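# Structure assessment
Now for the letters of each chain:
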Amino acid sequence: RQSGRGERWEVPTFLALPCEHRLRLNSLSDLCEALLLPCIKVHCRESASEISDLLKLTAQLKTMSMQDDLFKVIVPPVSVKPSSKLSIVGAGEVGMACAVIIAQKSLADELVLVDRRADKLKGESMDLMHGSLFMKSRIKADTDFKVTQDSKICIVCASVQMKGEKPDANQLKGNVALFKEIIPQLAKHSPSAILLIVSQPVDPLTYVAWKLSGFPKSRVIGVGTNLDNARLRFLLSAELKLFPTNIHTYIVGEQGYGSVPVWSGTNVAGIKLKDVAGHMSKKHGDEFHKKVIDGGQEVIRLKGCISWAIGLTVANIVNAIVKNLKAIQLVTTNAKNEHGIKTDVFLSLPCILGATGVCGIIRQQLDEDEERKLRCGVESLTKAQCEIGL
């Protein structure tokens, strides 16, 4: 603290030092050294917290002194809100895969991690921050949701432990209870955010997030069948010996075995699949669809969870939103008034994604069998949503 004219400095009085220990110092550097001198004793009446405050002050003053020696400040620093702040809730394998890929793609200038497991969160955030040299995202982490303030997108990966290789009623019940803690906090601190749900089962949990947040339906989406669709394109590309981006197909409806591959619209360079590969009958199509769903469960059986593929999926969705690409992505959305649906049911449809979330929904022409299967999925999801009781 400067106490008078010139460069005279005194040890702050809140340190409770006796008057004989007050020192005249020539610079901040001298003050830093003085605070560390053994001759300056803190009286026994000082609490541990006050001693801790003293040590923190010392570290801050030393940093200030080093900065003074290193460079001259021309304009005082100002606090600027990040333009693309993203928050990830859940620092498990899925959440961290999302974090790493989002950071690598420079999709966020501030990336926030939230988890109630303090030690796990600290370890994961430290591990990620140690690689800051190779990223353009500033990393923050806390157990308090306040750190998510003013996020552009909140990505929810938190989940109770899944028993077995696919979500069941017990996991849904546990995750609904978890969402009752998480979603209101996110809505409170980031009322203009877009909610992206990754936790499983994704369709009913996206509905839960919508109900708990009070957000418009355009700002509450789930990863839905996005990854299933990527798997299908991968399998078809291997069969046809083409790159996956050259295969155009969609899986809509309920995520999982109830999903509907739109074979009637599947094409390669505008040529219908049945004309490109005549040997691929409806039976072959059903087998491919089964491989898609079984493939995810096989990954879970072998390594415990799906992480990297879902991380890439999430980053792709985030990229479309952050950059306002108006890109078509298969995501879980409110499907009311689409395909004759009359209720607020959440399932996957090809959506146009931009800065405001879902900007539009593509109205695909489905054949009779595809429409029937979609209606079955709607009935199943409507029942699941009613049982949640929100």
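Up top is the structure.
Here, residues in each chain are numbered from 1, in the same order as that chain's written sequence. Totals for whole chains, interfaces and linings use every residue, but because this is a predicted model, local features are given only for residues with pLDDT of at least 70 and side-chain atom pairs only at 80 or more, for both listing and counting. Excluded from the side-chain calculation are hydrogens and water; included are all heavy atoms of the structure.

### A short note on the packing of helix H3 (residues 93-104) against helix H10 (residues 308-322)
To characterise two packed helices, one gives the angle between the axes of the helices and the distance between these axes. The criterion, for reference: Structural elements are reduced to axes, namely lines fitted to C-alpha atoms, with helices fitted over the stretch in contact, and the angle between N-to-C directions of any two is expressed from 0 to 180 degrees. Working definition: helices are DSSP H or I runs of at least four residues, strands are E runs of at least two. Numbering for both runs from the N terminus. Any angle that falls under 35 degrees is termed roughly parallel, while one over 145 is termed roughly antiparallel, one within 65 to 115 roughly perpendicular, and all others oblique. Less than a right angle of anticlockwise turn of the near helix away from the far helix marks a crossing as left-handed, whereas a clockwise turn marks it as right-handed. By the convention used here, residues are in contact when the closest approach between their heavy atoms is within 4.5 Å. Gly counts as polar in this scheme, as do all residues outside two lists: the nonpolar Ala, Val, Leu, Ile, Met, Phe, Trp, Tyr, Cys and Pro, and the charged Asp, Glu, Lys and Arg.
Contact geometry of H3 with H10 gives a least axis separation of 8 Å together with a crossing angle of 50 degrees. Judged by the angle between their axes, H3 and H10 are oblique. In this structure, the crossing between H3 and H10 has a hand that is right-handed. Residues Val94, Ala97, Cys98, Ile101 and Ile102 of H3 pack against Trp308, Ile310, Gly311, Leu312, Val314, Ala315 and Val318 of H10. The class makeup of the residues in the contact of H3 with H10 is 11 nonpolar, 1 polar and no charged.

### Looking at the packing of helix H5 (residues 169-189) against helix H6 (residues 202-213)
Where H5 meets H6, the axes come as close as 9 Å, and the angle between the chain directions of the two elements is 35 degrees. In this structure, the crossing between H5 and H6 has a hand that is right-handed. Contacts from Leu172, Asn175, Val176, Phe179, Lys180, Ile183 and Ala187 of H5 reach H6 at Pro204, Leu205, Val208, Ala209, Leu212 and Ser213. Here the residues of the contact of H5 with H6 are counted per class, giving 10 nonpolar, 2 polar and 1 charged.

### Observations concerning the packing of aromatic side chains
What counts here: Two rings from Phe, Tyr or Trp (for Trp, the six-membered ring) form a pair when their centres sit within 6.5 Å of each other. Planes less than 30 degrees apart are called stacked, planes more than 60 degrees apart edge-to-face, and all others tilted. Burial status follows relative accessibility: with a 1.4 Å probe on protein chains alone, a residue under 20% of its type maximum counts as buried, one over 50% as exposed, and anything between as partly exposed. Either the NZ atom of lysine or the CZ atom of arginine qualifies as a charge over a ring when it sits within 6 Å of the ring centre and within 35 degrees of the ring normal.
Overall, the coordinates contain 3 aromatic pairs when judged by the stated rule. An angle of 50 degrees between the planes, with centres 5.4 Å apart, marks the rings of tryptophan 210 and phenylalanine 346 as tilted. Here phenylalanine 346 lies in strand E13 (residues 346-354) and tryptophan 210 lies in helix H6, a separation of 136 residues in the sequence. Since its relative accessible area comes to 16%, tryptophan 210 is described here as buried. Linked through ring pairs, Tyr207, Trp210 and Phe346 together constitute an aromatic cluster. Looking at arginine 219, its charged tip hangs above the ring of phenylalanine 215, at a distance of 4.5 Å from the centre. In this structure, lysine 291 packs its charged tip against the face of phenylalanine 288, placed 5.5 Å from the ring centre.

### Observations concerning helix H7 (residues 226-240)
The line we're drawing: Given the number of residues in a helix, its expected span is that number minus one, multiplied by 1.5 Å.
For H7, spanning 15 residues, the distance from its first C-alpha to its last is 21 Å, which sits close to the expected 21 Å at 1.5 Å a residue. Every buried residue of H7 is accounted for by Asn226, Leu227, Asp228, Asn229, Arg231, Leu232, Leu236, Ser237 and Leu240. Directly beyond the C-terminal end of H7, a positive phi value near 55 degrees is found at lysine 241.

### Thoughts on unusual backbone geometry
Cis geometry marks the peptide bond from glutamine 200 to proline 201; its omega dihedral reads -5 degrees. Positive phi is not limited to glycine here, since serine 106 has a value of about 55 degrees. Counting through the fold element by element, serine 106 comes out in the loop between H3 and strand E2 (110-114). Note on serine 106: relative accessible area 38%, which makes it partly exposed. Positive phi, close to 60 degrees, is recorded for aspartate 150, a residue that is not glycine. With respect to the secondary-structure elements, aspartate 150 resides in the loop between strand E3 (138-142) and strand E4 (153-156).

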